[in-house]
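Listed here are the chains, written in short residue letters.
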There are 2 protein chains.
Amino acid sequence: MMIPNIVEVASLIGDASRASMLMCLLGGKSLPANELARAARITPQTASSHLAKMVEGGLLVHESYGRHRYYRLANSEVGQALEALNAIAPQKPVRSLRESDESRALHFARTCYDHLAGEVGVAWIDKMLQLVLLKEQGRNFVLTAEGEQWFGDFGIDLDGIRGGRRHFARKCLDWSERRYHMAGALGAAVTSRLFDLGWIERIPGGRAIRVTDRGFRGLEDKFGLTLSSDFSTDLQRRLIRNGFVEG
Amino acid sequence: MMIPNIVEVASLIGDASRASMLMCLLGGKSLPANELARAARITPQTASSHLAKMVEGGLLVHESYGRHRYYRLANSEVGQALEALNAIAPQKPVRSLRESDESRALHFARTCYDHLAGEVGVAWIDKMLQLVLLKEQGRNFVLTAEGEQWFGDFGIDLDGIRGGRRHFARKCLDWSERRYHMAGALGAAVTSRLFDLGWIERIPGGRAIRVTDRGFRGLEDKFGLTLSSDFSTDLQRRLIRNGFVEG
DNA sequence: TTCATAGTTCGATGATAGTCGAGTAATTTT
DNA sequence: AAAATTACTCGACTATCATCGAACTATGAA
């Protein structure tokens, strides 16, 4: 009997400690072993063992800088696989208020590897399709002529993006919204631009993203995108009070 | 810290026996527990335990008919997750001749849910496009006037298909060929017709499909489709001799 | 009824693998 | 140079879980 080759990779993900580390890395950052061990609440020895296995299994890659070893996801397909698993994972009931806040923050906006996901990511794609700046084509999004113009105006270097080997604009299933947001080089570039503009910020300690006041205004002006107000500044203030976000 | 809930589903998939059963069910059919146990080479007791866990975990659903209990994938997202894992799983070197044969059989022809995939599925689509019986349109295929006629002659009830809620003819990315084959109601109907004609047969114990001698002739006559000879009748005979296929 | 088949539940067993303590190596700081 | 930091390797312990034999339920056939 041929053992399916998904077993190895699935069992790697199917461990609480390793999954915790993977979820941290899903933010797209490189993190040192030390920090990943703390995040997973295990000793450095154990973490080291897990990290070695995930590198061996092709999930992670690492680079050494001095005595530090920084780990990150091996490629964007790993991120997409993690998202796909999230999509079929039963939503666990949250236990504490803090977890509830964290959950809501994640649903509202988060990074998926290196692009924007969650309510904001999906709403943005909807608007782009509605304005016919993008079109769906199989597993990808493609730019219309108007879209070409628009992204250029927004400060995206489309030629530079197309130069790379990476997929241009790929669909990625959103586990919280159960619909598609944009992955690929274009998704990453737009997200990067939003960070540069100060419209979104990372919420320390996780993958959650905060939309700044300037961001709410900018998305409204530039996209005509009015975000649902249920993720209010009120909640954001609570996150800060709980220490989940440093004010 | 919120424990990521992908752990549960990933660890469910990350077991050789369960993964074997899932890969069988990725063929799209409902299968009885008995058959799944044989496919995974485990006793019915063990299989029963695994199946219960996968139902509990939301991967499978079951329906009872008489004393039989048929299991199938809970939804298409489960299939997508399995495909996504497949995409990041390292291609294992095949150890035995028999594994090599099974791998070649899967690449040559297999079912993806309920439609034809692999080399044959992609080659068939190519021919249909070349003959202008089908055209590509976004993420779908559409029939031309000639195609309408042709599929009718082939014994496909197009009106019946269009009556359903399902997408008519959708593109589906093929993991082995890295190109599109046809999913949707039409893809399923054509595959079903090929089974009825005895042109293709399921190879017991997996998702692989065997093209019969009649099938080779039929595909040649009706489609002008000459399949690559590297999957020869010689190999097919070996499959039969190894007991992988019941002759 | 009697027998056979399909499937499950329970309990015992055995192997896998996650965990951490101790020791080693390499780099930065004092 | 010594101390502190970061990370890895090895070995032992332990808990989990896949596995199967035996017993049980339910459906279908003779």
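**Here's the deal with the overall build of chain A**
The helix and strand tally for chain A stands at twelve helices and eleven strands. Considering only residue pairs separated by 6 or more positions, chain A has 58% of its internal contacts joining residues 24 or more positions apart. For chain A, the exposed surface amounts to about 11300 Å²; the carbon and sulfur share of it is 48%.

**Here we look at the packing of aromatic side chains**
Aromatic ring pairs are described here by two measures, namely the spacing of the ring centres and the angle between the planes. Enumeration over the complete set of coordinates arrives at 17 aromatic pairs over all chains. Ring plane angle 80° and centroid distance 5.2 Å describe the contact between Trp150(B) and Phe151(B), whose orientation is recorded as edge-to-face. Pair check on accessibility: Trp150(B) and Phe151(B) agree, each one buried. Through a chain of ring-to-ring contacts, the aromatic side chains of Trp124(A), Trp150(A), Phe151(A), Phe154(A), Trp199(A) and Phe223(A) assemble into a single cluster. Here the guanidinium or amino end of Lys171(A) rests over the ring plane of Phe141(A), the centre of that ring lying 5.7 Å away. The ring centre of Tyr180(A) lies 5.4 Å from the NZ or CZ of Lys171(A), which sits over that ring.

**Considering the pairing of strand 2 (residues 60–65) of chain A**
All names here are of chain A. With six bridges connecting them, strand 2 and strand 3 (residues 68–73) associate as antiparallel partners. Bridging across to strand 3, His62 finds its partner in Tyr71. The hairpin turn running from strand 2 into strand 3, its antiparallel successor, is two residues long, and Gly66 in that turn takes a positive phi close to 60°.

**Comments concerning the protein's contact with DNA strand D**
The local shell around DNA strand D holds 20 residues, among which Asn34(A), Arg67(A), Tyr71(A), Gln45(B) and His50(B) are the closest. Each atom of DNA strand D within 4 Å of the protein was assigned to sugar, phosphate or base; sugar and phosphate come to 72%. One nitrogen or oxygen atom from the side chain of Ser17(B) is found 2.7 Å from a phosphate oxygen belonging to DNA strand D. Within the side chain of Arg67(B), one N or O atom sits 2.9 Å away from a base oxygen of DNA strand D. Among the secondary structure elements, those contributing two or more residues to the surface near DNA strand D are helix 3 (33–40), helix 4 (44–56) and strand 3 of chain A together with helix 2 (16–25) and helix 4 (44–56) of chain B.

**Some details on the sheet that holds strand 3 (residues 68–73) of chain B**
Residue and element names in this part refer to chain B. Here we have three strands laid out as an open sheet, ordered 1-3-2, and antiparallel in their pairing. Strand pairing shows two members of the sheet lacking a second neighbour, strand 1 (31–32) and strand 2 (60–65), which therefore form its edges. Inspection of the sheet shows strand 1 paired to strand 3 by two bridges, in the antiparallel sense. Bridge assignment links Leu31 to a residue of strand 3, and that residue is Tyr71. Where helix 4 meets the sheet, it contacts strand 2 and strand 3, and its direction lies at approximately 120° from that of strand 2.

**Focus: the packing of helix 1 (residues 6–13) of chain A against helix 5 (residues 76–88) of chain B**
Where helix 1 of chain A contacts helix 5 of chain B, the two axes come as close as 8 Å, and the packing angle between them is 105°. Taken as axis vectors, helix 1 of chain A and helix 5 of chain B run roughly perpendicular relative to one another. For the pair formed by helix 1 of chain A and helix 5 of chain B, the contact residues are Ile6(A), Val9(A), Ala10(A) and Ile13(A) on the first element and Leu82(B), Leu85(B), Asn86(B) and Ile88(B) on the second. The residue inventory of the contact of helix 1 of chain A with helix 5 of chain B, partitioned by class, reads seven nonpolar, one polar and no charged.

**Some words on the nonpolar core**
With 65 residues, the main nonpolar core has Ile13(A), Leu59(A), Leu85(A) and Leu85(B) as its most contacted residues. Setting aside anything within four residues of it in sequence, one finds Ile13(A) in contact with Ala19(A), Leu22(A), Leu59(A), Leu82(A), Leu85(A), Ile6(B), Val7(B), Ala10(B) and Leu85(B).

**Some words on the state of the cysteines**
Any covalent bond linking the sulfur atoms of two cysteines counts as a disulfide. A full pass over the atoms with the stated rule returns zero disulfides over all chains. In this structure Cys172(A) is a free cysteine whose sulfur lies 3.9 Å from that of Cys112(A), the closest cysteine sulfur available.

**Observations regarding the sheet that holds strand 2 of chain A**
Residue and element names in this part refer to chain A. Taken together, three strands build an open sheet; the order of strands is 1-3-2 and the sheet is antiparallel. The outermost strands of the open sheet, each flanked by one partner alone, are strand 1 (31–32) and strand 2. Sheet contacts for helix 2 (residues 16–25): strand 1, strand 2 and strand 3; angle to strand 3, the most-contacted strand, approximately 85°.

**Regarding the side chain of Arg110(A)**
All names here are of chain A. Mapped onto the elements, Arg110 comes out in strand 4 (residues 110–112). What makes Arg110 buried here is its relative accessible area of 0%. Polar side-chain contacts of Arg110 include one of 3.1 Å to the backbone oxygen of Leu106.

**Let's talk about unusual backbone geometry**
Here Val132(A), not a glycine, exhibits a phi torsion of approximately 55°, which is positive. Along the chain, Val132(A) turns up in the loop between helix 7 (119–130) and strand 6 (134–137). Under the relative-accessibility criterion, Val132(A) is labelled partly exposed at 37%. In the Ramachandran plot, Arg41(B) falls in the positive-phi region, its phi being about 60° despite a non-glycine side chain. Among the secondary structure elements, Arg41(B) is positioned in the loop between helix 3 (33–40) and helix 4.

What counts and what doesn't
Residues numbered from 1 in each chain as written. Chains lettered and ligands numbered in written order. Predicted model: local features only at pLDDT ≥ 70, side-chain atom pairs only at ≥ 80, totals over all residues. Heavy atoms only, no water. Helix = DSSP H or I, 4+ residues; strand = E, 2+ residues; numbered from the N terminus. Contact = heavy atoms within 4.5 Å. Areas by Shrake-Rupley, 256 points an atom, 1.4 Å probe, with all protein chains shown as cover. Phe/Tyr/Trp six-rings, centres within 6.5 Å; stacked < 30°, edge-to-face > 60°. Buried < 20%, exposed > 50% of the residue type's maximum accessible area, 1.4 Å probe, protein only. Lys NZ or Arg CZ within 6 Å of the ring centre and 35° of its normal. Pairing = 2+ DSSP bridges. Near = heavy atom within 4 Å. Polar contact = N/O pair within 3.5 Å; in protein donor to acceptor, adjacent residues only side chain to side chain. Axes fitted to C-alpha atoms, helices over the stretch in contact; angles between N-to-C directions. Parallel < 35°, antiparallel > 145°, perpendicular 65-115°, else oblique. Nonpolar A, V, L, I, M, F, W, Y, C, P; charged D, E, K, R; others polar. Core = buried A, V, L, I, M, F, W, Y, C linked by side-chain atoms within 4.5 Å. Disulfide = S-S within 2.5 Å.

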